Amino acid sequence: MNTGSNSTPHLAWGHVFSHLSLCSLGSTDTESHWDKKVCSMSGPKPQLLHSIPNYTLTRLAQEWLAEDTPNFDPAGVCVGSKEVEAKLLCKTPHTVLAGSPFFTAVFTEVGCTVDWIYQEGAVIGPDAVTVTAVVRGPARCLLLGERPALNCLSRASGIATRCSHLKLMAKSAGWLGEVAGTRKTTPGFRLVEKYAMLVGGTSMHRQDLSGMVMLKDNHVWASGSITEAVKVARSVCGFSSKIEVECCSTAEGREAAAAGADIIMLDNFQPQELHVAARDLKNEFPSLQIEASGGVTPENLASYFSSHVDVISLGCITQGCPVSDFSLKVQKPGTKK
């Protein structure tokens with residue numbers, strides 16, 4: 001439902017972002033070494049916002065708005081429906097911008113427009129405060145969308161920034177595998193957080209239980225054995241889904257691979273133990289994929305890199321990840337634009 005005035009145009013989902021970004025502007029004297037590295041890491045990026053159906057954006061925006069304002073908005077009486085302009089300020093230098101489709105969706109739903117100065121995936125900064133977008137619309141409507149929109153942008157940008165750091169570490173070390181997230185996401189917010197991983201350059205891993213079969217220790221114990229668990233899972237998922245098995249030893253990995261598992265997760269291995277186990281399993285099962293997980297942090301990630309390891313997953317991509325600081329400031333009458 002559009003709660004804005006009838007005279008306020010409803011922003012089309014095909015709204016094109018401005019082409020202004022650090023990557024497209026090129027280097028400046030004040031750019032950090034890290035900014036330059038991120039900008040040079042890859043060529044043109046796909047338009048990831050096209051991966052999210054319009055009706056999904058609408059549904060999420062409506063849910064977030066209803067959560068924040070389920071009934072009356074008494075403060076809306078104070079400001080009314082006069083047209084105002086607000087600047088979106090990024091106050092965390094070197095932030096990777098992520099979440100702009102969700103931010104725009106929220107304001108579209110309340111009858112406001114958003115003009116982006118930076119593209120999705122751009123590195124914002126290096127200044128302490130950077131104007132990132134401009135939002136226009138009726139005052140009460142703009143303020144209705146403020147907090148839900150900022151929550152999405154701050155969380156998504158924080159995750160994308162961490163992912164970019166991790167991706168850069170892997171690239172700098174010459175490791176060709178994939179850094180991945182996990183299902184340790186905020187309830188009800190998974191789509192935003194998984195999308196942010198993509199913007200940051202890492203793998204989402206499976207999006208949900210339907211995306212891939214992963215047999216963890218509890219599945220194995222309840223089934224009786226790794227072999228039996230893999231057998232039953234394959235009878236249900238068929239040829240179209242991969243099966244991954246969490247293993248705590250090389251012997252378990254060998255049993256899982258022999259039973260037909262596609263991916264072996266070596267869980268909570270110390271780096272040196274991991275390298276030996278991964279090498280031995282790859283030698284015996286050349287087509288097997290190896291994932292390392294458990295206890296991996298940004299600080300020790302490099303010690304897990306190995307030519308025998310295909311994926312390294314980190315729960316800290318979402319759990320305990322710092323947010324990026326954004327604020328929205330309505331411009332006072334007479335303020336220079």
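Residues numbered from 1 in each chain as written. Predicted model: local features only at pLDDT ≥ 70, side-chain atom pairs only at ≥ 80, totals over all residues. Heavy atoms only, no water.

Caption draft 1: Looking closely at the packing of aromatic side chains. Overall, the coordinates contain six aromatic pairs when judged by the stated rule. Here F103 and W116 contribute two aromatic rings whose centre-to-centre distance is 5.3 Å and whose plane-to-plane angle is 65 degrees, an arrangement assigned as edge-to-face. Pair noted here: F103 is in helix α5 (residues 100–109) and W116 is in strand β3 (residues 113–116), with a separation of 13 residues, a long-range link. One aromatic cluster is present, built from ring pairs that chain together W64, F102, F189 and Y195. (Phe/Tyr/Trp six-rings, centres within 6.5 Å; stacked < 30°, edge-to-face > 60°. Helix = DSSP H or I, 4+ residues; strand = E, 2+ residues; numbered from the N terminus.)

Caption draft 2: The arrangement of unusual backbone geometry in detail. Of the consecutive residues G125 and P126, the connecting peptide bond is found in the cis state with omega at 10 degrees. Secondary-structure assignment places P126 in the loop between β4 (123–124) and β5 (130–138). Notably, H94 is not glycine yet its phi reads approximately 70 degrees, a positive angle. By secondary structure assignment, the location of H94 is in the loop between β1 (83–90) and β2 (95–96). For N268, which is not a glycine, the phi torsion comes out positive at approximately 60 degrees.

Caption draft 3: Spotlight on α5. Counting buried positions along α5 yields ten of ten residues, so the element is predominantly enclosed. Of the positions making up α5, those classed as buried are S100, P101, F102, F103, T104, A105, V106, F107, T108 and E109. Directly after α5, the chain includes G111, whose backbone phi takes a positive value near 80 degrees. (Buried < 20%, exposed > 50% of the residue type's maximum accessible area, 1.4 Å probe, protein only.)

Caption draft 4: Main features of the environment of C112. Tracing the backbone shows C112 in the loop between α5 and β3. C112 sits in the buried class, given a relative accessible area of 1%. Expressed as a C-alpha distance, the spacing of C112 and R136, which sit 24 residues apart in the sequence, is 5.6 Å.

Caption draft 5: Expanded view of the sheet that holds β3. Strand order in this open sheet of four strands is β3-β5-β1-β12, and the pairing throughout is antiparallel. Edge positions in the open sheet fall to β3 and β12 (326–330), since each of these has one partner strand only. With direction set aside, neighbouring strand axes in the sheet form an average angle of 25 degrees. Contacts between α5 and the sheet are confined to β1, β3, β5 and β12, with β3 contributing the most and set at about 150 degrees to the helix. Against the sheet, helix α6 (residues 139–172) engages β1, β3, β5 and β12, with an angle of about 160 degrees to β12. (Pairing = 2+ DSSP bridges. Axes fitted to C-alpha atoms, helices over the stretch in contact; angles between N-to-C directions. Contact = heavy atoms within 4.5 Å.)

Caption draft 6: Representation of the side chain of E244 in the model. You can see E244 is positioned in strand β8 (residues 243–247). Of the side chains with opposite charge, R206 comes closest to the buried, unpaired E244, at an N-O distance of 6.5 Å. Ignoring anything within four residues of it in the chain, the contact list for E244 reads H205, M212, V213, M214, L215, I263, I264, M265 and E291. (Lys, Arg positive; Asp, Glu negative; His and termini not counted. Salt bridge = Lys/Arg side-chain N within 4 Å of Asp/Glu carboxyl O.)

Caption draft 7: Structural context of the pairing of strand β10 (residues 289–293). Of all five residues in β10, four are buried; the element is thus mostly enclosed. Examined bridge by bridge, strand β9 (residues 263–267) and β10 share five bridges and lie parallel to one another. Each residue of the ladder has a partner; that of L266, found in β10, is A292. In this region the chain leaves β9, passes through helix α11 (residues 271–284) and returns to the parallel neighbour β10; the handedness of that crossover is right-handed. Bridge analysis of β10 against strand β11 (residues 311–313) gives two bridges, and the strand direction is parallel. Paired with A292 across the strands is I312, a residue of β11. (Right-handed = clockwise from strand over helix to strand, strands pointing away.)

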